[in-house]
Protein chains: 2
Amino acid sequence: MKGFPQSMLSLITEFAKMPGIGHKTAERLAFFILKSHPEYAKNMAEAILKVKSQVRFCSVCNNLSDTEVCAICANTRRNQDVICVVETPNDVISIEKTGSYTGVYHVLLGNLSPLDGIGPKDLKLEGLLNRVRDGHVKEVIIATDSNTEGEITALYLVKLLKDKAIKLTRIASGIPVGAHLEYADQATLSRALERRIPA
Amino acid sequence: MKGFPQSMLSLITEFAKMPGIGHKTAERLAFFILKSHPEYAKNMAEAILKVKSQVRFCSVCNNLSDTEVCAICANTRRNQDVICVVETPNDVISIEKTGSYTGVYHVLLGNLSPLDGIGPKDLKLEGLLNRVRDGHVKEVIIATDSNTEGEITALYLVKLLKDKAIKLTRIASGIPVGAHLEYADQATLSRALERRIPA
């Protein structure tokens, strides 16, 4: 690493710690910062510090938020009777992008993974139970991932909530829209058959 | 982009301005920052600002440096009689990595590119001429890129320096070490034949 000034070396080292950023990319990014407008570097540095200092988890749903209660939970035009349970804040983003959901969320911040030693206590379940106990909630939609951990988490949620006086649903799984049947994996295809609906 | 807190959006926007970083990657990096240790975010922000405030061009060779004169120019154990002329500070790094060059450098900070309107005045040629005029220099090695712009720049340098009382050389071009002949492009192969040396 001869030839680089010390401050470039430090920046390259920091960049290279980020996921998917190898040493070559880190060098390129550091050069980009070096050549960039001073304003850009300042904004970038501030944005990094701000994310760490301002972003927290919503005290209601655990979604990411700049404020005590996130914009979705605070939005009175959203249907507060329906809670969609997801694993991560990213899942919230994905569902929001569809534009077809008007209820609120509950982010578990993880999934059950017995093999990794992650049990119910590691998920944000207490808050969900409290919200359901409040009595306002009419439906809980389970939207955990469709992989093993997600399925285990979904089963646990069903066990946890089935006695409550609420409608408990699960998002549909099957053939993705626009996909060719011939390329669908067997598990997806057999589930799509199994969960067929009246045409 | 609903669902993201404002400070995350700002950081994603800043990341997405970097080369080779698309929106998805920018999201991933912003999440990484969000989840990272506060110390890491602080170091990263500081490293970015430091690069902008500290790194400048060496007043002798235009290489990147934290100091007025870069570590290579200031190193008295290096052969100050031989100057290797390169296009960018990255080229200095590449040559330094070989560990087989003990002279000093001159970074042009660009190459001649008539099509892009980049002429001799846009390159750091004055400093090179002054160094050669000083009389200490015995050899100038031209190590511009092997593409069109690099070749034009090399030809210009030859024209500029051929009357000076110095040895003027050009780094060899030919088949890369370890490469298969059958995969070499025609231009490289014909040049390798043309510039053959006694075995």
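Residues numbered from 1 in each chain as written. Chains lettered and ligands numbered in written order. Predicted model: local features only at pLDDT ≥ 70, side-chain atom pairs only at ≥ 80, totals over all residues. Heavy atoms only, no water.

## Concerning the overall build of chain A
So, step 1. Helix and strand counts for chain A stand at eight helices and six strands.
So, step 2. Burial statistics for chain A: of 199 residues in total, 42% are counted as buried.
So, step 3. Only carbon and sulfur atoms are counted for the fraction: they give 55% of the accessible area of chain A, which is about 11,200 Å². (Helix = DSSP H or I, 4+ residues; strand = E, 2+ residues; numbered from the N terminus. Buried < 20%, exposed > 50% of the residue type's maximum accessible area, 1.4 Å probe, protein only. Areas by Shrake-Rupley, 256 points an atom, 1.4 Å probe, with all protein chains shown as cover.)

## A few points about the pattern of salt bridges
So, step 1. This model, assessed by the stated rule, comprises 14 salt bridges over all chains.
So, step 2. For A:Lys138, the salt bridge identified is with A:Asp81, shortest N-O distance 3.2 Å. Placement of the pair is A:Lys138 in the loop between α6 (125-133) and β5 (139-142) and A:Asp81 in strand β3 (residues 79-86), with a sequence separation of 57 residues.
So, step 3. Taking the relative accessible area as the measure of exposure, A:Asp81 reaches 22% and is therefore partly exposed.
So, step 4. Between B:Arg78 and B:Glu96 there is a salt bridge, and its shortest N-O distance comes to 2.9 Å. Of this pair, B:Arg78 sits in the loop between α4 (71-74) and β3 (79-86) while B:Glu96 is found in helix α5 (residues 89-98), placing the two residues 18 residues apart along the sequence. You'll find B:Arg78 and B:Glu96 in the same group, each marked buried.
So, step 5. Shared partners join several salt bridges into a network, and the residues in it are A:Glu151, A:Arg170 and A:Arg191. (Salt bridge = Lys/Arg side-chain N within 4 Å of Asp/Glu carboxyl O.)

## Side note on the layout of surface pockets
All names here are of chain A.
So, step 1. A volume near 350 Å³ is recorded for the largest pocket.
So, step 2. Taken together, 19 residues make up the lining of the largest pocket; nearest its centre are Thr144, Asp145, Ser146, Ile171 and Ala172.
So, step 3. Among the elements of the structure, β3 and α5 (89-98) are those that each provide at least two residues to the lining of the largest pocket.
So, step 4. Element by element, the count of residues in the lining of the largest pocket is highest for α5, at three residues.
So, step 5. Taken together, the residues that form the lining of the largest pocket break down as eight nonpolar, five polar and six charged. (1 Å grid on protein atoms, 1.4 Å probe; cavity = no way out; pocket = protein on both sides within 12 Å on 5 of 7 lines; lining within 4 Å. Points joined across faces, edges and corners; volume = space filled by probe spheres on them. Nonpolar A, V, L, I, M, F, W, Y, C, P; charged D, E, K, R; others polar.)

## Remarks on unusual backbone geometry
Residue and element names in this part refer to chain A.
So, step 1. Backbone geometry at asparagine 62 places phi at a positive 70°, although glycine is not the residue there.
So, step 2. You can see asparagine 62 is positioned in the loop between β1 (56-57) and β2 (64-65).
So, step 3. For asparagine 62, a relative accessible area of 11% translates into the label buried.
So, step 4. If you check the backbone angles, leucine 109 has positive phi at about 55° while not being a glycine.
So, step 5. Relative to the elements of secondary structure, leucine 109 occurs in the loop between β4 (103-107) and α6.

## Looking at the environment of A:Ala26
All names here are of chain A.
So, step 1. Here alanine 26 is to be found in helix α2 (residues 23-35).
So, step 2. Alanine 26 sits in the buried class, given a relative accessible area of 0%.
So, step 3. The residues touching alanine 26, leaving out its near neighbours within four places in the chain, are Ile12, Phe15, Ala16 and Ile21. (Contact = heavy atoms within 4.5 Å.)

## Observations regarding the confidence of the model for chain A
Residue and element names in this part refer to chain A.
So, step 1. Confidence in the prediction for chain A averages 90 pLDDT; 99% of positions are at 70 or higher.
So, step 2. Looking at the elements of chain A, mean pLDDT is at its lowest for helix α8 (residues 186-194), recorded as 85, and at its highest for β4, recorded as 95.
So, step 3. Reported confidence for the predicted complex is 0.71 by ipTM and 0.70 by pTM. (pLDDT = per-residue confidence, 0-100.)

## Observations regarding the packing of aromatic side chains
All names here are of chain A.
So, step 1. Inspection of every chain in the model, using the stated rule, returns six aromatic pairs over all chains.
So, step 2. A ring pair is formed by phenylalanine 4 and phenylalanine 31, whose centres lie 6.0 Å apart and whose planes are at 50°; its orientation type is tilted. Of this pair, phenylalanine 4 sits in the segment before α1 (6-16) while phenylalanine 31 sits in helix α2, placing them 27 residues apart in sequence. Phenylalanine 31 shares its class with phenylalanine 4; the two are buried. (Phe/Tyr/Trp six-rings, centres within 6.5 Å; stacked < 30°, edge-to-face > 60°.)

## So, the relation of the copies chain B and chain A
So, step 1. Mapping chain B onto chain A leaves a residual RMSD of 0.1 Å; the transformation is a rotation of 180° accompanied by 0.0 Å of translation along its axis. Classification of the inter-copy transformation places it as that of a two-fold axis. For chain B, the minimum C-alpha distance to the rotation axis belongs to B:Ala45 and amounts to 2.1 Å. (Least-squares fit on C-alpha atoms with pLDDT ≥ 70 in both.)

## Quick notes on the sheet that holds strand β5 (residues 139-142) of chain B
Within a sheet, neighbouring strands are paired by backbone hydrogen bonds and run either parallel or antiparallel to one another.
Residue and element names in this part refer to chain B.
So, step 1. Taken together, four strands build an open sheet; the order of strands is β4-β3-β5-β6 and the sheet is parallel. On the outer flanks of this sheet lie β4 (103-107) and β6 (167-170), each paired with one strand and no other. Across this sheet, the average inter-strand angle for adjacent strands is 25°, counted without regard to direction.
So, step 2. Together, β3, β5 and β6 form the strand contacts of helix α7 (residues 148-161), whose direction differs from that of β6 by roughly 170°. (Pairing = 2+ DSSP bridges. Axes fitted to C-alpha atoms, helices over the stretch in contact; angles between N-to-C directions.)

## Describing the nonpolar core
So, step 1. Core analysis: the biggest nonpolar cluster contains 46 residues, and A:Phe15, A:Ile33, B:Phe15 and B:Ile33 have the highest contact counts within it.
So, step 2. When residues no more than four places from it in sequence are discounted, the contact partners of B:Phe15 are A:Met18, A:Met44, B:Ile21, B:Ala26, B:Leu29, B:Ala30 and B:Ile33.
So, step 3. The next biggest cluster of nonpolar side chains, apart from the first, holds 32 residues, and it includes A:Cys84, A:Val104, A:Val137 and A:Val140. (Core = buried A, V, L, I, M, F, W, Y, C linked by side-chain atoms within 4.5 Å.)

## Overview of the interface of chain B and chain A
So, step 1. Contact with chain B, which involves 51 residues of that partner, is made by 51 residues of chain A.
So, step 2. For the pair chain B and chain A, the summed buried surface comes to about 4,600 Å²; carbon and sulfur atoms form 73% of the total.
So, step 3. Remark: the boundary between chain B and chain A carries two salt bridges.
So, step 4. Residues A:Lys97 and B:Glu27 are paired through a salt bridge, measuring 3.7 Å at the closest nitrogen-oxygen approach.
So, step 5. Applying the counting rule to chain B against chain A returns twelve residue pairs in polar contact (both at pLDDT 80 or more).
So, step 6. Looking at which element gives the most residues to the side of chain B that touches chain A, the answer is helix α3 (residues 38-54) of chain B, with 14 residues.
So, step 7. In the side of chain B that touches chain A, the residues fall into 27 nonpolar, twelve polar and twelve charged. (Buried area = accessible area lost by both parts, 1.4 Å probe. Polar contact = N/O pair within 3.5 Å; in protein donor to acceptor, adjacent residues only side chain to side chain.)

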